[in-house]
Amino acid sequence: MTGLGGTARTGRTHSLRTKLTLINVVLLALGITIATAVSLFGLRHYLLQAIDSELTMSRDGLERTELTVSQIESLSSLATIVENISPRRSGTGMLPAPDSLFVLIDAERRPINFAGIEVTERQRQLAWAVTDPTALSREAGVRDVMVDGEPYRVVGAHLSDGSTVLMSTSTKAVRESLFLALKFDTAIGGLLLVLLALITLMGANRTLRPLGDMVETATAIAEGDLTRRVPGRRDPVTEIEQLRLALNSMLQQVESAYVTRERSETQLRRFVADASHELRTPLSAIRGYLQLYEKGMLAEPAERTRALARMTGEADRMGRLVDELLTLARLDQRPVLRLRPVDLSRLVRDAADDLRAQQPDRPLDVAAAGSVLVQADESGLRQVIGNLLANIRTHTPPEAPVRVELGRSDEGVVRLCVSDDGPGMAHEDADRIFDRFFRAGGGGAGSGLGMSIVHAVVRSHGGEVSIRTSPGTGLAVTVTLPR
């Protein structure tokens, strides 16, 4: 409920796939931006360095000649001079042919004609752009200036007659080259971002598909299908596979707990109903005889004696039932048993003697020679053996043979087998033989708690009880106890 409330308050949900995609795209975009900025900065530095190197070489070459303006004009070939001072003479071959511009500045800082060629407007703008040509000629570096709205790199060469030659090269081609490189990097980066987003989405969908299976499984379980489990996937991610196994294990425990609770509630309801029925019968009989007595309908002494005997018998039956219920309740609480060495062979012989005294004509074979010691609660084991023989006495004919076998096995346990040649039980009845208040065929004598007590006592001792039966072949109950 808290998670739903939190979603309602924020008004939106965040997909894990979307988050992973955004994180990857943002990281790649940041990397592309940094790489593009570094590459463009390096490219600009390299191109400008090439232009500056050419300008510097032209300036140094002109200054080494130590010529004046008049000497330069007296030369026969202007083309030769232009060829010597032009930056094109040592082009790098990696740039478009740059636009070069030079102008002569006299000592009065005015542009002058050169070789009979009048000063152009662009040359005047170059002269105006450099405020102090003399200072520029003394500098070793190169300056940036704007001529007619176009960027130039300019140097100054000082001549012997005090005039200055300003030589410049346009960097427009550099700017265009950087802009083209930026467009190319942006296009390639955008394509990479789109591809990364698609690949991340597909990878996230494939990787996180088990989480979708978990959501579907949880939804199905919430709707009542407790048997649903999260299916496995080929090539699973380790962490998600561990989560799947842990979730399936938890769901198995939840289902087992739910089934156990349902079974316990069903058994409790049936137990309460059976206990109420068993207690109602003797109470009804006692109440009936008391009403007869109150109304004076038991006038004869013999009738009163018979009624008293019946009420005593029903009270005894009710008392035994309550004692058995208390025994089961105590065993359900798993009490600490008072264990001590008990000779199980002696208990078997004592119970067999009791059966012979109660049914002298029943064939009884006892195989319990010697001493068989176990660590157990003596009263509990007496009750187990007594209930097994009482079950035979109640539900088999008096002439049905009985065999009691006691011995040790190679597994280090003690086995007690009580079998008879009575009518046996159907398989559906045998499956419920340890249920409380169960009586084969829905009737018969007894309270239906004897075998439940046997099962509970044996389990409290860490042992097991098993049965073997079928209709017409009798019943064999085997009790296994640790030595």
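Just so it is clear, the model here is predicted, and its values are computed rather than measured.

(A) Structural context of the overall build of the protein chain. Of the regular secondary structure elements, the protein chain holds 14 helices and twelve strands. When contacts within the protein chain are restricted to residue pairs at least 6 apart in sequence, those whose partners lie at least 24 apart make up 64%. Accessible area of the protein chain: about 28800 Å², with a carbon and sulfur share of 56%.

(B) Examining the pattern of salt bridges more closely. Taken as a whole and judged by the stated rule, the model has 18 salt bridges. Close ionic contact of E139 with R143 constitutes a salt bridge, the shortest N to O distance being 2.7 Å. Here R143 falls in the partly exposed class, since its relative accessible area comes to 27%. Three or more residues joined by partner-sharing salt bridges are found here, namely R340, R346, D350, E378 and R382.

(C) Expanded view of unusual backbone geometry. Even without being a glycine, D148 presents a positive backbone phi close to 55°. Among the secondary structure elements, D148 is positioned in the loop between β3 (143-147) and β4 (150-158). Classification of D148 as exposed rests on a relative accessible area of 54%.

(D) A look at the packing of helix α2 (residues 16-65) against helix α7 (residues 172-207). At their nearest, the axes of α2 and α7 sit 9 Å apart, and the two run at 160° to each other. Judged on the interaxial angle alone, α7 and α2 are roughly antiparallel. In the crossing of α2 with α7, the sense of the turn from one axis to the other is right-handed.

(E) Fine view of the environment of R270. Here R270 is to be found in helix α9 (residues 238-294). Separated by 167 residues in the primary sequence, R270 and F437 place their C-alpha atoms 8.8 Å from one another. Once you skip the residues sitting within four places of it in the chain, R270 turns out to touch R432 and D435.

(F) Representation of the confidence of the model for the protein chain within the structure. Across the protein chain, the average pLDDT comes to 79, with 84% of residues at 70 or higher. Considering only residues more than four positions removed or in separate chains, one finds that residues 1-11, a stretch of pLDDT under 50, has two contacts. Every residue in residues 75-84 scores below 50 in pLDDT, and together they form seven contacts with partners more than four places removed in sequence or on other chains.

(G) Local environment of the sheet that holds strand β11 (residues 464-469). Strand order in the open sheet formed by five strands is β7-β9-β10-β12-β11, and the pairing between neighbours is mixed. What marks the edges here is a single partner per strand, and that holds for β7 (364-367) and β11. Taken over all neighbouring pairs, the strand axes of this sheet differ in orientation by 10° on average, direction set aside. Where strand β9 (residues 402-408) and strand β10 (residues 413-420) come together, seven bridges link them in antiparallel fashion. Bridging from a neighbouring strand, G407 pairs with R415 of β10. Each of β7, β9, β10 and β12 (475-482) touches helix α11 (residues 344-358); the most contacted strand, β7, lies at about 170° to it.

(H) Geometry of the side chain of T396. Structurally, T396 can be placed in the loop between α12 (378-395) and β9. Of the polar contacts made by the side chain of T396, one reaches the side chain of R362; its length is 3.1 Å. Engagement of the side chain of T396 in a polar contact is seen with the backbone oxygen of I392, the distance being 2.4 Å. Residues in contact with T396, not counting those within four places in the same chain, are R362, D420, G422 and P423.

(I) Spotlight on helix α14 (residues 450-460). Residues of α14 that are buried: M451, S452, I453, V454, A456, V457 and V458. Remark: G462 follows α14 within two positions and exhibits a positive phi of approximately 80°.

(J) Structural detail: the environment of R346. Checked against the element boundaries, R346 lands in helix α11. The spacing of R346 and S371 is 25 residues in sequence and 7.5 Å in space, taken between C-alpha atoms. Beyond its immediate chain neighbours, meaning those up to four positions away, R346 contacts E378 and R382.

(K) Here's a closer look at the sheet that holds β4. Pairing is antiparallel across the open sheet formed by five strands, whose spatial order is β2-β1-β5-β4-β3. Edge positions in the open sheet fall to β2 (111-112) and β3, since each of these has one partner strand only. Note that strand β1 (residues 100-105) and β2 share two bridges and pair antiparallel. What sits directly across from I105, in β2, is P111. Across the sheet, α2 lies against β4 and β5 (164-170), angled at about 25° from β4, the strand it touches most.

What counts, and at which threshold
Residues numbered from 1 in each chain as written. Predicted model: local features only at pLDDT ≥ 70, side-chain atom pairs only at ≥ 80, totals over all residues. Heavy atoms only, no water. Helix = DSSP H or I, 4+ residues; strand = E, 2+ residues; numbered from the N terminus. Contact = heavy atoms within 4.5 Å. Areas by Shrake-Rupley, 256 points an atom, 1.4 Å probe, with all protein chains shown as cover. Salt bridge = Lys/Arg side-chain N within 4 Å of Asp/Glu carboxyl O. Buried < 20%, exposed > 50% of the residue type's maximum accessible area, 1.4 Å probe, protein only. Axes fitted to C-alpha atoms, helices over the stretch in contact; angles between N-to-C directions. Parallel < 35°, antiparallel > 145°, perpendicular 65-115°, else oblique. Left-handed = near helix turned anticlockwise from the far one by under 90°. pLDDT = per-residue confidence, 0-100. Pairing = 2+ DSSP bridges. Polar contact = N/O pair within 3.5 Å; in protein donor to acceptor, adjacent residues only side chain to side chain.

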